[in-house]
Amino acid sequence: MDRFRRAAWAALPLLLPLLAAGPASAAPSTPSLTYGGLASVRPGDTLTIDARSGEASYGDTLHASVFMATGRLRMRDPLLTTTVTIACDARPGTQPVIRRGAGDVGPDEHPFRWARVRVLPVDENARRACRDKVKRLPAPDLEEHWAPGDTWPQSEWDVRTFRAGSRVTLTDNDDEGADGHISLTSRAFADRPVLRGARAVLTATATLKCGAAPGLYVVYRHDAGQSGPDRPWARLRVAPAASGRSCSTDQAAAGSAGTSRAPVVAWTAGGVFLATAAGTLLFRRARNRQLGAEGARGRSAV
């Protein structure tokens, strides 16, 4: 027992640094980059780029010669953010990160040196491992999260969460003069709303199905006179209906079914009554004619 105790005390100085470092030492953090900054990266690293208001605009692109692909800034309130991957063949050195506006057309229109990246040297084994790593990278997350006070949708990937059975308002700020010309459809909708508005802002209200399963749904737009397929226009996430409350769309469906059956019952009962009355009248007329004919034959015989 004493030998084990002495061995434990002897190993304690070696274990303390590992305990202090914690599990984070086994998983290095993802490098990040902000406006005017310098990020040190290695081939295959995933680099997160964040921008605050005033440092860039929604939809701006960020590019460097060592990026595998250009990054596009998306809204993750309160930041604009994008994620890029460092190419496996990136050579050591410092490279500028160029920002271009969302509306820029040509590759050399209004370039702006926004930040820098420093690629650290690696050996060939690391480059081979990089190629395997980038093949297993997941697809980029395209969902955007805007401020709760902003109208919805702000973009095609502006995902908001609503409860099943609720009524939601959709706002279009980009189609002035299209009053009544744009309809919206979704598997989550119980109806087909139409965007209306006399000015630059068009709005519509949709009711979510009570039976809509939780998950992500696409909202498609259909323009009057279009010939091609409807295009994705927004996305929403449906949450379960509030517990303990009846769902309005179920009630509406039940009400519409009840009102639709009432006229049918009334018409059916009325039809039976009219048919019975008509049959009785015809029977009486035929009976009177028969009696009249028999009386005439009796008088002629006398």
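Keep in mind it's a predicted model, so treat the numbers as computed, not measured.

Asker: Where do I start with unusual backbone geometry in this structure?
Answerer: Note: most residues except glycine have negative phi, and most peptide bonds are trans. For the bond from aspartate 77 to proline 78, the omega torsion is 15 degrees, close enough to zero to count as cis. On the secondary structure map, proline 78 appears in the loop between strand S6 (74-76) and strand S7 (79-85).

Asker: For this particular structure, what's the right way to read the sheet that holds strand S3 (residues 46-51)?
Answerer: Within a sheet, adjacent strands bond to each other through the backbone by hydrogen bonds, running parallel or antiparallel. Read from one edge to the other, the open sheet built from four strands follows the order S1-S3-S7-S6, with strand pairing classed as mixed. Looking at strand neighbours, the two that pair on one side only are strand S1 (32-33) and S6, the edges of this open sheet. Pairing analysis gives two bridges linking S1 to S3, with the strands arranged parallel. Directly across from leucine 33, in S3, lies its bridge partner isoleucine 49.

Asker: Explain the sheet that holds strand S16 (residues 231-239) to me, please; I cannot follow it from the model alone.
Answerer: What the five strands build is an open sheet, ordered S10-S16-S15-S12-S13; its pairing is mixed. Only two strands of the sheet have a single partner each, and these edge strands are strand S10 (159-163) and strand S13 (194-195). Pairing analysis gives four bridges linking strand S12 (residues 182-185) to strand S15 (residues 215-223), with the strands arranged antiparallel. The partner of serine 183 across the bridge, within S15, is histidine 222.

Asker: What exactly am I supposed to notice about the pairing of S12 here?
Answerer: Two faces make up the sheet, and in a regular strand the side chains alternate between them. By the alternation rule, side chains of S12 split into Ile182 and Leu184 and Ser183 and Thr185, which are all buried. As defined by bridge partners, S12 adjoins S13 across two bridges and the pair is classed as antiparallel. By the bridge assignment for S13, isoleucine 182 is matched with leucine 195.

Asker: Before we go on, may I ask you to explain the state of the cysteines in this structure?
Answerer: Two cysteines, two sulfur atoms, one covalent bond between them: this is a disulfide. All told, the structure shown has one disulfide when counted by the stated rule. Disulfide pairing is shown between cysteine 88 and cysteine 130; the S-S distance is 2.0 Å. With the S-S dihedral at roughly -85 degrees, the linkage between cysteine 88 and cysteine 130 falls on the left-handed side. Of the two residues, cysteine 88 is situated in the loop between S7 and strand S8 (93-100) and cysteine 130 in helix H2 (residues 124-135); the sequence distance between them amounts to 42 residues. Of the residues examined, cysteine 88 reaches a relative accessible area of 10% and is grouped as buried. Classification of cysteine 130 by relative accessible area gives buried; the value is 2%.

Asker: Where do I start with the nonpolar core in this structure?
Answerer: Note on soluble globular proteins: their nonpolar side chains tend to be buried together. Membership of the largest hydrophobic core comes to 23 residues, with the highest contact counts inside it found for Leu33, Leu47, Ile49, Phe67 and Val97. Sorting the residues of this core by element identifies strand S2 (38-41), S3, S7 and strand S9 (112-119) as the ones contributing at least two each. With four residues, S9 is the single largest residue contributor to this core. In contact with isoleucine 49, other than residues within four places in its own chain, are Leu33, Leu62, Phe67, Leu73, Leu80, Thr81, Thr82, Val84 and Trp114.

Asker: How do you make sense of the packing of aromatic side chains when you look at a structure like this?
Answerer: What characterises a pair of aromatic rings is the spacing of the ring centres plus the angle enclosed by the ring planes. Taken as a whole and judged by the stated rule, the model has four aromatic pairs. An aromatic cluster of at least three residues, connected via ring pairs, comprises Tyr35, Phe112 and Trp114. Directly above the ring of tyrosine 58 sits arginine 72, whose terminal nitrogen or CZ lies 5.2 Å from the centroid. Across the ring face of tryptophan 157, the terminal group of arginine 235 is positioned such that the distance to the ring centre comes to 3.7 Å.

Asker: It is not clear to me how the environment of leucine 120 should be interpreted in this structure. Could you clarify?
Answerer: Mapped onto the elements, leucine 120 comes out in the loop between S9 and H2. Residues leucine 120 and arginine 91, spaced 29 residues apart in sequence, show a C-alpha to C-alpha distance of 8.0 Å. Apart from the residues lying within four places of it in its own chain, the contact partners of leucine 120 are Ser40, Val41, Arg42 and Pro43.

Reading the values: rules and limits
Residues numbered from 1 in each chain as written. Predicted model: local features only at pLDDT ≥ 70, side-chain atom pairs only at ≥ 80, totals over all residues. Heavy atoms only, no water. Helix = DSSP H or I, 4+ residues; strand = E, 2+ residues; numbered from the N terminus. Pairing = 2+ DSSP bridges. Buried < 20%, exposed > 50% of the residue type's maximum accessible area, 1.4 Å probe, protein only. Disulfide = S-S within 2.5 Å. Core = buried A, V, L, I, M, F, W, Y, C linked by side-chain atoms within 4.5 Å. Contact = heavy atoms within 4.5 Å. Phe/Tyr/Trp six-rings, centres within 6.5 Å; stacked < 30°, edge-to-face > 60°. Lys NZ or Arg CZ within 6 Å of the ring centre and 35° of its normal.

Remember that the coordinates give geometry; whether it matters functionally is a separate question.
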